[in-house]
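# Examining the three-dimensional arrangement
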Amino acid sequence: MALRRDVADRVLGLPVAAALGFTFDELEDGRAVSSLDWRPELSHAPGAFQANPIAALADFTGVSAGLTLFPPGTAAATADYTAKFLAEARGHSLTARARVLRSGRLTVSAVDVFAVAGGEERLCATALVTARVFTP
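One pass over the full model with this rule turns up five salt bridges. R39 is paired through a salt bridge with E41; the nearest N and O atoms lie 2.7 Å apart. A residue is classified by how much of its surface remains accessible, and R39, at 23% relative accessible area, is partly exposed. One salt bridge in this structure joins R90 and E88, with 3.1 Å as the shortest N-O distance. Classification of R90 by relative accessible area gives partly exposed; the value is 40%. Given a relative accessible area of 39%, E88 falls into the partly exposed group.

This is the structure we're talking about:
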């Protein structure tokens, strides 16, 4: 799995991404895989993620997937996202998988978010993320 280090550094350098604790496992060619470990401050109940960290993970992962299709130094900002919660997100971590649907000045990505528990993944949310891209 490859990682566009410039994109990872730019995104993970944002204070909110650092505070939430996102990590990237894959980041290239219009795709991104990220994860977030469970902590009590991300929860509404022991072992379960609250909706906002799930949506934030989907947002950052979708925008990051889009950035991989542009040259280093390109910036992006979320223009819109819609998250749909499909099941309780109970587990020791979340994994988000994004793929770009449309690349351009407005880049759109589809993101599926899975709760990981006992080595198994369960789809808990899906999102569409639109990013406004600013090329250097």
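Past the structure itself, the notes keep going.
The subject of this paragraph is the side chain of T95. Secondary-structure assignment places T95 in strand 6 (residues 93-102). Those residues in contact with T95 that lie beyond four places of it in its chain are V33, S34, S35, D112, V113, F114, V116 and E121.

Parameters and conventions
- Residues numbered from 1 in each chain as written.
- Predicted model: local features only at pLDDT ≥ 70, side-chain atom pairs only at ≥ 80, totals over all residues.
- Heavy atoms only, no water.
- Salt bridge = Lys/Arg side-chain N within 4 Å of Asp/Glu carboxyl O.
- Buried < 20%, exposed > 50% of the residue type's maximum accessible area, 1.4 Å probe, protein only.
- Helix = DSSP H or I, 4+ residues; strand = E, 2+ residues; numbered from the N terminus.
- Contact = heavy atoms within 4.5 Å.

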